[in-house]
Amino acid sequence: MRTLLLPALLLSVLASGCDNGCPSVTRLDALAGPPSMVQVTFQVKCEGEPVAAVTASDLSLTEDGQPVIDTSAFTVQKLSQVLPSQTLILLDISSALVADGQVEATRTALVGLVETLQAQGQRVGLAIFDGDPDLRVVREWTGDLDLFTQALQEVDTGDRLDSARDLNGTLLQALALLDEAVGEDGDDTLAGIANLVVVVDGPDTARRESDSAAERAVDDSVHEVFVLAQVSEAVASSLEPLAKTGFFHGEGAEGLAQAAADASDGVVAQLGKFYRLSYCSPLRSPKATLKIEVAWEDGSDSISFDYPTADFGPGCSLPQ
């Protein structure tokens, strides 16, 4: 049995109370099935910042009200190390970012960003947009920097179909693409992690979708959304609401390069907050509830998962 909770905003309210607590634990996905394996993915934050050092010693498990005393019955792993992790680079080609005097600086900045992400085991995709209603995928998910670089080298002003900027509409399409990438439609696999990095040099001008619709879609999405903007301080405030997870901006080629470096650090830091718990249950009763409590600093927070156990039996082994 698999349960995926949506949206992320509702998750943080129901599963862990205030997202600015310490710790704040949010359940993302859960799966239980024969022989007797229970798996739960979750994230941990402290006052809004990712917590990247949770170990099994920080967890307390209770199954149907009984403490799980045997610590060898469960393990916790970094989610990015055990499940697919993808980042989609969404590049605005409507204006200056791919203009003749800017395109090489944009390429250099993005190659550096992708190199850092791929070193963390992430697969990266590239998509472009302008004022055309359709997002265009240039390179599907790859862990090969050369393939990504080749795809990026081929992007220039000749790809521009419309000089307007359909940022809001494209965001909705990109989030749907990430839904497919992490396997949310599967019943027997846990969903992986997906990030969206939007590289843009201005707000939406096409107005196919409203700013509020785009902001709502970003907030409701389970995915991490970063905005990397080559804009002035005056323009930055109009884009920041779209950056649920991280907002990085600067002016000119140097500003873009620094923003890209900061964004890569930000994405890597956020990856550390995701975990997968694997537990071999001894129960053979009709159903059970697993409560997972995470202790961090001076506080604790918990999540829970209800699942059937009637078909559980011997032979469960924890992943290495």
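Our subject is the structure listed above.
This structure is a prediction, so every number in the text was calculated from the model and none was measured.

Engineer: For this particular structure, what's the right way to read the overall build of the protein chain?
Structural biologist: Helices and strands together make up the secondary structure of the protein chain, namely eight helices and 16 strands. Relative to the globule expectation of 20 Å for 320 residues, the C-alpha radius of gyration of the protein chain, 21 Å, shows essentially globular dimensions. For the protein chain, the C-alpha atoms occupy an extent of roughly 65 × 35 × 30 Å along the three principal directions. The 320 residues of the protein chain split such that 50% are buried. Put simply, of all contacts in the protein chain between residues at least 6 apart along the chain, 73% involve residues at least 24 apart. Carbon and sulfur atoms provide 49% of the accessible area of the protein chain, an area that totals close to 13500 Å². Considering the protein chain, the positive charge centre built from 19 side chains and the negative charge centre built from 49 side chains are found 4 Å apart.

Engineer: Explain the environment of Gly315 to me, please; I cannot follow it from the model alone.
Structural biologist: Along the polypeptide, Gly315 turns up in the segment after strand S16 (299–308). Sequence separation between Gly315 and Ser36 is 279 residues, and the spatial gap between their C-alpha atoms is 7.7 Å.

Engineer: How should the pattern of salt bridges be read in this particular structure?
Structural biologist: A side chain with one charge can pair with a side chain of the opposite charge if their charged atoms come near. Taken as a whole and assessed by the stated rule, the structure comprises eight salt bridges. A salt bridge links Asp201 to Arg165; the nearest nitrogen and oxygen atoms lie 2.9 Å apart. Taken together, the residues span a long stretch of sequence, with Asp201 in the loop between strand S11 (193–200) and helix H6 (211–220) and Arg165 in the loop between helix H4 (145–153) and helix H5 (167–181) at a distance of 36 residues. Taking relative accessible area as the criterion, Asp201 reaches 16% and is therefore assigned buried. With its nearest N and O atoms 3.6 Å apart, the salt bridge here joins Asp204 to Arg207. One continuous salt-bridge network, built from bridges that share partners, spans Asp92, Arg165 and Asp201.

Engineer: Explain the sheet that holds strand S8 (residues 85–92) to me, please; I cannot follow it from the model alone.
Structural biologist: What holds strands together in a sheet is hydrogen bonding between their backbones, with the strands either parallel or antiparallel. In space, the six strands of this open sheet follow the order S10-S9-S8-S11-S12-S13, with mixed pairing throughout. Every other strand in the sheet has two partners, leaving strand S10 (136–142) and strand S13 (246–250) as the edge strands with one partner each. Mean inter-strand twist for the sheet, computed between neighbouring axes without regard to direction, equals 15°. Where strand S9 (residues 123–129) lies against S10, four bridges are found, and the strand directions are antiparallel. Of the residues in S10, the one forming a bridge with Leu126 is Arg139. Strands in contact with helix H3 (residues 103–119) are S8, S9, S10, S11 and strand S12 (224–230); relative to S8, the strand with the most contacts, it is inclined by about 170°.

Engineer: Help me out: how do you make sense of the sheet that holds strand S6 (residues 66–67) in this one?
Structural biologist: Read from one edge to the other, the open sheet built from four strands follows the order S6-S5-S15-S16, with strand pairing classed as antiparallel. The strands lining the two open edges of the sheet, one partner per strand, are S6 and S16.

Engineer: Honestly, a negative patch on the surface in this entry has me stumped. Any pointers?
Structural biologist: A surface patch of negative charge is lined by Glu47, Glu49, Glu297 and Asp298. For Glu297, the location among the structural elements is in the loop between strand S15 (287–296) and S16. For Glu297, a relative accessible area of 64% translates into the label exposed.

Engineer: Explain the packing of H3 against H4 to me, please; I cannot follow it from the model alone.
Structural biologist: Describing two packed helices takes the angle between their axes plus the distance from one axis to the other. The contact between H3 and H4 brings their axes to 10 Å, and the two run at 160°. The pairing of H3 with H4 is recorded here as roughly antiparallel in orientation. The interaxial crossing formed by H3 with H4 has right-handed handedness. Contacts between H3 and H4 involve Glu104, Arg107, Leu110, Val111, Val114, Glu115 and Gln118 from the former and Leu145, Phe148, Thr149, Leu152 and Gln153 from the latter. Looking at the contact of H3 with H4, its residues break down into six nonpolar, three polar and three charged.

Engineer: What exactly am I supposed to notice about H3 here?
Structural biologist: Turn by turn, an α-helix covers 3.6 residues, leaving residues three or four places apart pointing in a common direction. Between its terminal C-alpha atoms H3 stretches 24 Å, which fits the 24 Å expected from 17 residues at 1.5 Å a residue. When H3 is considered as a whole, its buried residues turn out to be Val103, Thr106, Arg107, Ala109, Leu110, Val111, Leu113, Val114, Leu117 and Gln118. At the exit of H3 stands Gly121, carrying a positive phi of roughly 85°.

Engineer: What am I meant to see in the state of the cysteines here?
Structural biologist: Applying the stated criterion across every chain yields a total of two disulfides. Here Cys280 connects covalently by a disulfide to Cys316, the sulfurs 2.0 Å from one another. With the S-S dihedral at roughly -75°, the linkage between Cys280 and Cys316 falls on the left-handed side. Residue Cys280 is found in strand S14 (residues 274–280), and its partner Cys316 is found in the segment after S16; the two are separated by 36 residues along the sequence. Here the disulfide map of the protein chain reads 1-2, 3-4, the bonded cysteines being numbered as they appear in the sequence.

Here is what the cut-offs are and how they apply
- Every residue gets a number counted from 1 within its own chain, in the order that chain's sequence is written.
- In keeping with the model being predicted, local features are shown solely for residues with a pLDDT of at least 70 and side-chain atom pairs are shown and tallied solely at 80 or more, while totals for entire chains, interfaces and linings include all residues.
- Just so you know, side-chain values use all the structure's heavy atoms and leave hydrogens and water out.
- Strands are runs of DSSP state E lasting at least 2 residues, helices are runs of H or I lasting at least 4, and numbering of each runs from the N terminus.
- The globule rule used here is 2.2 Å times the number of residues to the 0.38 power, and the radius of gyration it is set against is calculated over C-alpha atoms.
- Exposure categories follow from relative accessible area, calculated using a 1.4 Å probe and restricted to protein chains: below 20% of the type maximum is buried, above 50% is exposed, and the middle band is partly exposed.
- Residues are treated as being in contact if the distance between any of their heavy atoms lies within 4.5 Å.
- For the area figures, the Shrake-Rupley method with a 1.4 Å probe applies, and any residue is considered shielded solely by the protein chains shown.
- Charge counting follows a simple rule: Lys and Arg are positive, Asp and Glu are negative, and His as well as the terminal groups are ignored.
- Where a charge lies is defined by one atom per residue type: Lys uses NZ, Arg uses CZ, Asp uses CG and Glu uses CD.
- By salt bridge we mean one thing: a side-chain nitrogen of Lys or Arg within 4 Å of a carboxyl oxygen of Asp or Glu.
- Two strands pair under a simple rule: DSSP has to find at least two bridges between them.
- Each axis is a line fitted through C-alpha atoms, and for a helix only the stretch in contact is used; angles between axes span 0 to 180 degrees, taken between their N-to-C directions.
- Here a patch means residues that are over 30% exposed by relative accessible area and free of salt bridges, tied together within 9 Å if like-charged and within 5 Å if nonpolar (Val, Leu, Ile, Met, Phe, Trp, Tyr).
- Geometric relationships in this document are graded by angle, where less than 35 degrees denotes roughly parallel, more than 145 denotes roughly antiparallel, 65 to 115 denotes roughly perpendicular, and other angles denote oblique.
- Definitions for this section: a left-handed crossing has its near helix turned counterclockwise from the far helix by less than a right angle. A right-handed crossing has that turn clockwise.
- Three residue categories are used. Nonpolar comprises Ala, Val, Leu, Ile, Met, Phe, Trp, Tyr, Cys and Pro, charged comprises Asp, Glu, Lys and Arg, and polar comprises the others, including Gly.
- Expected helix span is computed as 1.5 Å times (number of residues minus one).
- To count as a disulfide, a pair of cysteine sulfur atoms needs to be within 2.5 Å.

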